[in-house]
Amino acid sequence: MLGNGEVVGKLETSWDELLDHGDEPFDISFPPVRGVHPSLTLKTAVLNACDNQDNVLLDSIIECEIAQDTDAGHARFAQYITSEAVSHLNDAIELFQLVLDQCPVGHPDHAAVLTNLAWARLQGYIGKDLHDIDSTTSLFREALALRPLGHPDHPSSLYHLTEALTWRHNKEPAAVYIHESAQLYCELLPLCPEGTYLRSIAAGANGVDYVIRACNNLPTDASDEGIHLRRIVLDICPLGHQHRPRALDKLARAVRARFDRHGTIDDLDECIQHRREAVSLCPEGHSGRDTYLNNLASSLLSRFDHQRKSYDLNEAISLYEEALRLCPVGHKSRAFSLGNLGGTLCDRFNQRSDIDDLDRAISLHREALTLHPPGHASRDITLNNLALALNTRYDKSDASEDLDEAIDLYRESLRLKRHDDPERHVTLHNLSSVLCSGFTQTQKNEDVEEAIRLCQESLEALPSLHPSRYFSYMRLQKAYLSRYRVQRKSADLSLAVENFRLASRHPTQGFPDRITEAIEWARQAEVHQHESALEAYQVCLELFDNHVMTRSSIISRREAATAFRGAQSLPVDAASCATRHNDLHRAVELAEQGRGQQWSLASRIRTPLDDIKSASIPLADKFLEISKHLSNAQGTAGSADRAAADRAAVRYRKLTEQWEAAVAEIRNLKGFSRFLLPPSYEDLQAAARHGPVIILIASQYSCGAIIVPTSGEPHHVRSPRITLPHLEKLKEDFAMAIQHTARMRPEEPRKKLRVLLRIVWDEIMLPIVNALQHDLKLRHRSRIWLCPTAAFTSVPLHAANPFRMKADRSGPEPCLEDIYICSYTPTLSALIRSRQTVKTHVTSSFAVIGQSQPGAGQGRVLPAVDSELELVHELVPSNVKFTHLSGDEATQAGALETLQQNTWVHLACHGKQDHEQPYNSCFAMRDKPLTLLDIMENNSPEAEFAFLSACHTAVGDEETPDEVIHLAAGLQFSGFKSVIGTLWVVNDALAKHIVEAFYEKMFEDLEDGGVMDCTKAAWALNNAADAVKKKKVPLEQRIVFVHIGV
């Protein structure tokens, strides 16, 4: 029988009760002991007399001796426990060893006998009467091996082994013993139901609680084994366990340390998840709440540094503020909280430039420094924090006293840092930075040389993939560049460029920092005319694309796109750079790669898969399935519940990783090596299949146009007298001129507008027309597509007009639309996508959607809308299925459904451009607005043509003009191949003249049963604009409509 010498309960039963069971074996359980049911159960059977055969008799004698010796051993062991007399222990061990000799391997009681001997030896070890623990532990291991999972004594054997390991750790604190104990408890506790005796002793202070405490006291270990241990400890701290918050924090520290080494964002997300739970388990009044608040905020701040999501920064500041309130003057953790909040306010200053944040940060750091006088263990950190804030203020104000103090503080901090301090590299490259600033001010060569040496020292201390190597590279390039500006040695410029390259390509640093460095690389390469400029732009665009792709909602992608100073001009500056290097193929590719990213990213998960299915149906189906999940996951990370938003963002990233893996598989198929890669010039030239595409580039370095012809090489058209400031002024003048026409009578001449359109003709479009006519021999009235960039997007290029008489006075000089049929395209890829999905045989259906009386707050009554809808109805061929949606039926949902179910749509209502958030631009409906976001999510693959008789439907926002985010582009993305939109306010009373002339031209050949053709829209609009001149429609209303698409 097993036991440890302790009387756990007495069994009282009579012989009659025992014999009543007959010959069948049965169990006897002990009654509760101290309110707990013992795990011990007796296996009982009645043995009848047997024949007196020698072997049976011998077995019985041996079994009798085993039982007697075992009982005697337990008796001596019980005496030892009571008296602590070593002689009793020795007797017990001798008897148990004798029994073991009689029960060799294979004997049914071998495991029990091993346990008896091992338990006695363990108690001797605990009582310091024995010193050999290795053989004792081996006995427990051997017993456990004989009692695998499912054996009734498996739990007790697990417990015995944990006890041996725990006591060994207690006397010899080696991590290996406590590691194994934790693993065993993770197996044991699920096998011990609540209320059992084994559970009560295993879950007690000397059992699993000791193991948890011991594990929590181990240093942070970021290895896979160390993190695995932390996961085990968390498993044995279920919800409600007193040690769970600390176990969560310890696991969070381990995965955070791994993130700091390798930069894997999954580790940081997991860290935040655990720290959120720890905070939730420590409500107001909990003694450790301030610590857990600080820890969560620190992790959020790291993620902000890695991804630049503003809500992480805001939440971190909020948490740090609460933590500081919990640490009043005199609190032991006040200096820690002061430093944390101060550092984060510096980060917010760098985002918002609010000087109050910076001044408060410096004040907080100064208070923290008074709490860390000389000799304090954390003084070096506090010195570093204050120096960083002062250096930030110096960068803003050029106050030399701030720089001098920062240098002194960094030097003192570095003196206090041990050479083996894992954070020493931070102070090294921070001191390097201020020394560079000092060199710029004083030009003392020793300052810049020390700065370079400090960065090199920091690199020597860091492994090759450590994320902080990025900062060492970044500080090095600044040092070399500073010295180059003074000494003009080309070697320094080359070294600066090499460190730009290393920093922007460092794989474990987050995209935001790398993008910032790549943008600066491109800028400095332009300033110093270095040959690496094109490479820098390429790196910028690649990083930018990867960064924006990580965002799980359309709006957050735009936020990411607008977060970088100088990033908006990257595509045009890159194209300009390639043009200046006479590489027009590359210029077209870069302009396309960097523009319309929002549409490009969204379209990737709507990629047609017919070609892929011909190569691999399973892979095409897999890609389609992941793409659907990815599409459905978009927009789910905007929850006010930050924990839920984090989980949604992690799910989205996991889907993105699966999607990227599927793309990589597809690229391995023969003929698909460039699947979803940025298109080459040869790919993009397909946009010019039915007429040349003119890309108008507006860069700070040069302005001009690139003509992509139907075949052959691209053609560069210079605009020597047009610069970016000229274009910005022209754009502003157009806006003012259009506003001025709103106050004029229709018959009044539009003199200002005519002057501006003449400038557009003379300075911009005439050189392009000359190239089309003379160099490309493009025929009169051919189609052309305009693809404007940057400031060009706000200029009505299609309306360019000389407004002059011919030299022979025979009539006016032709304008652009007299010579060619003009259309616009947001990007070349958008035009290619529209062409790929045009159906030659489709059953057309036509719907009119109108709202003359929009819901509250959406605009005034539009009295001409209903008559416009009737007019369109009259002009649509009678054999075409027609749907009319207006009045109370023209709701947001009704309009969406109508857009999806019809191939041709005419929409007449208020249109509103949202300048701050272009995705909220909308059409006014009866109940609520129909937004651009609604339209983008409304996939209409069969759609063909849409006429948007509403204001501001084809003009993007000021902040990201090259993203071309407007309602007309949204309809094109959702499936409409050909769209007519508007550049400014439409007069609904005058619009009907354009509408009437347009549809008359569109349908003039359909009386004999022809098919409606959306590719005629540009031609019909061109003719309509000319026709309404006779109806005295003013100039701005004749040119307000533009055609986009095929």
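The structure we're discussing is the one just above.
The paragraphs below set out a description of the structure included in this document. (Residues numbered from 1 in each chain as written. Predicted model: local features only at pLDDT ≥ 70, side-chain atom pairs only at ≥ 80, totals over all residues. Heavy atoms only, no water.)

Side note on the overall build of the protein chain
Scanning the protein chain from N- to C-terminus turns up 43 helices and 16 strands. Here the protein chain holds 1046 residues, and 55% of them are scored as buried. For the protein chain, contacts bridging at least 24 residues in sequence account for 69% of all contacts bridging at least 6. Here the protein chain has roughly 46900 Å² of accessible surface; of this, 51% comes from carbon and sulfur atoms. (Helix = DSSP H or I, 4+ residues; strand = E, 2+ residues; numbered from the N terminus. Buried < 20%, exposed > 50% of the residue type's maximum accessible area, 1.4 Å probe, protein only. Contact = heavy atoms within 4.5 Å. Areas by Shrake-Rupley, 256 points an atom, 1.4 Å probe, with all protein chains shown as cover.)

Some details on the sheet that holds strand S13 (residues 930-931)
For sheets, the rule is that strands pair by backbone hydrogen bonds, running either parallel or antiparallel. Judged by pairing direction, the sheet is antiparallel, and its three strands sit side by side in the order S11-S12-S13 without closing on themselves. Single-partner strands in this sheet number two, and they are strand S11 (911-912) and S13. Bridging between strand S12 (residues 922-923) and S13 involves two bridges; their strand directions are antiparallel. In the sheet register, Phe923 faces S13, and the bridge partner there is Leu930. (Pairing = 2+ DSSP bridges.)

Notes on the pairing of strand S4 (residues 703-708)
Within S4, six of the six residues are buried, which leaves the element mostly enclosed by the surrounding structure. Side-chain alternation along S4 places Cys703, Ala705 and Ile707 on one buried face and Gly704, Ile706 and Val708 on a second face that is also buried. Note: strand S3 (residues 693-698) against S4, six bridges, orientation antiparallel. Within the sheet, the bridge partner assigned to Ile694 lies in S4 and is Ile707. By the bridge criterion, four bridges tie S4 to strand S5 (residues 715-718) in an arrangement that is antiparallel.

Quick word on the packing of aromatic side chains
For any pair of aromatic rings, the description rests on two quantities: the centre-to-centre distance and the angle between the ring planes. Evaluation of the coordinates by the stated rule reveals 15 aromatic pairs. Note on Phe846 and Tyr999: the rings are 5.8 Å apart at their centroids and 70° apart in plane angle, and the pair reads as edge-to-face. Taken together, the residues Phe846 in strand S8 (residues 845-850) and Tyr999 in helix H41 (residues 988-1002) connect sequence positions 153 residues apart. By relative accessible area, Phe846 is classed as buried at 0%. Of the residues examined, Tyr999 reaches a relative accessible area of 0% and is grouped as buried. Pairing Phe846 with Phe1003 gives two aromatic rings, centres 6.4 Å apart and planes at 75°, and the pair type is edge-to-face. (Phe/Tyr/Trp six-rings, centres within 6.5 Å; stacked < 30°, edge-to-face > 60°.)

Here's the deal with helix H11 (residues 244-262)
Between its first and last C-alpha, H11 extends 27 Å over 19 residues, near the 27 Å set by a 1.5 Å rise per residue. With 14 of 19 residues buried, H11 is to be regarded as a mostly interior element. Downstream of H11 by a residue or two, Gly263 has a phi angle that is positive, lying close to 75°. (Expected span 1.5 Å × (residues − 1).)

Things to note about the nonpolar core
One finds Leu696, Ile764, Met765, Leu797, Phe923 and Phe998 to be the most contacted residues of the largest nonpolar core, which totals 282 residues. If you tally residues by element for this core, the top one is helix H34 (residues 751-775), at 11 residues. Beyond its immediate sequence surroundings of up to four residues, Met765 is in contact with Leu696, Val760, Leu786, Leu797, Ala800 and Leu816. In terms of nonpolar packing, the next biggest core, distinct from the first, is built from 15 residues, Leu619, Leu655, Trp659 and Val663 among them. (Core = buried A, V, L, I, M, F, W, Y, C linked by side-chain atoms within 4.5 Å.)

As for unusual backbone geometry
Although it is not a glycine, Gln443 sits at a positive phi angle of roughly 60°. Locating Gln443 in the fold gives a position in the loop between helix H19 (424-442) and helix H20 (445-461). Non-glycine residue Arg781 carries a positive phi angle of around 70°. The topology assignment puts Arg781 in the loop between H34 and strand S6 (783-788).

Quick look at H19
Taking 1.5 Å of rise per residue, 19 residues should cover 27 Å, and H19 covers 27 Å from first to last C-alpha, within 8% of that figure. Counting buried residues along H19, 15 of its 19 residues qualify, which places the element largely inside the surrounding structure. Positioned one or two residues after H19, Gln443 has a phi angle of 60°, which is positive.

Here we look at the packing of helix H6 (residues 154-171) against helix H9 (residues 208-216)
Two numbers describe how H6 lies on H9: the axes approach to 11 Å, and their chain directions differ by 45°. Judged on the interaxial angle alone, H9 and H6 are oblique. Considering only the axes of H6 and H9, their crossing is left-handed. Packed against H6, whose contacting residues are Thr166, His169 and Asn170, the element H9 presents Tyr210, Val211 and Ala214 at the interface. A per-class count over the contact of H6 with H9 returns three nonpolar, three polar and no charged. (Axes fitted to C-alpha atoms, helices over the stretch in contact; angles between N-to-C directions. Parallel < 35°, antiparallel > 145°, perpendicular 65-115°, else oblique. Left-handed = near helix turned anticlockwise from the far one by under 90°. Nonpolar A, V, L, I, M, F, W, Y, C, P; charged D, E, K, R; others polar.)

Observations concerning the pattern of salt bridges
For side chains bearing opposite charge, pairing can occur when the charged atoms are close. Here the structure, examined in full by the defined rule, presents 50 salt bridges. For Arg303, the salt bridge is made with Asp269, and the minimal N-O distance between the two is 2.9 Å. Here Arg303, found in helix H13 (residues 289-307), pairs with Asp269, found in helix H12 (residues 265-280); they are 34 residues apart in sequence, far enough to count as distant. The two residues Arg303 and Asp269 agree in class, both being buried. (Salt bridge = Lys/Arg side-chain N within 4 Å of Asp/Glu carboxyl O.)

Considerations on the environment of His798
By secondary structure assignment, the location of His798 is in the loop between S6 and helix H35 (816-819). Accessibility expressed as a relative area gives 4% for His798, which makes it buried. The spatial distance from the C-alpha of His798 to the C-alpha of Asn1022 is 9.9 Å, given a sequence separation of 224 residues. Non-local contacts of His798, meaning those with residues more than four positions away in its chain, are made with Leu786, Leu816, Glu817, Cys822, Tyr824, Leu983, Ile1039, Phe1041 and Val1042.

Some remarks on the environment of His262
By secondary structure assignment, the location of His262 is in helix H11. Sequence separation of His262 and Gln509 is 247 residues, and the distance between their C-alpha atoms is 8.6 Å. Ignoring any residue separated from it by four or fewer positions in sequence, one finds His262 in contact with Leu465, Pro467 and Thr508.

As for the environment of Ser299
With respect to the helices and strands, Ser299 occurs in helix H13. Taking the C-alpha atoms as reference points, Ser299 and Ala252, separated by 47 residues in sequence, lie 9.2 Å from one another. With sequence-adjacent residues up to four places away left out, Ser299 is seen in contact with Arg256, Leu268, Cys271, Ile272 and Arg275.

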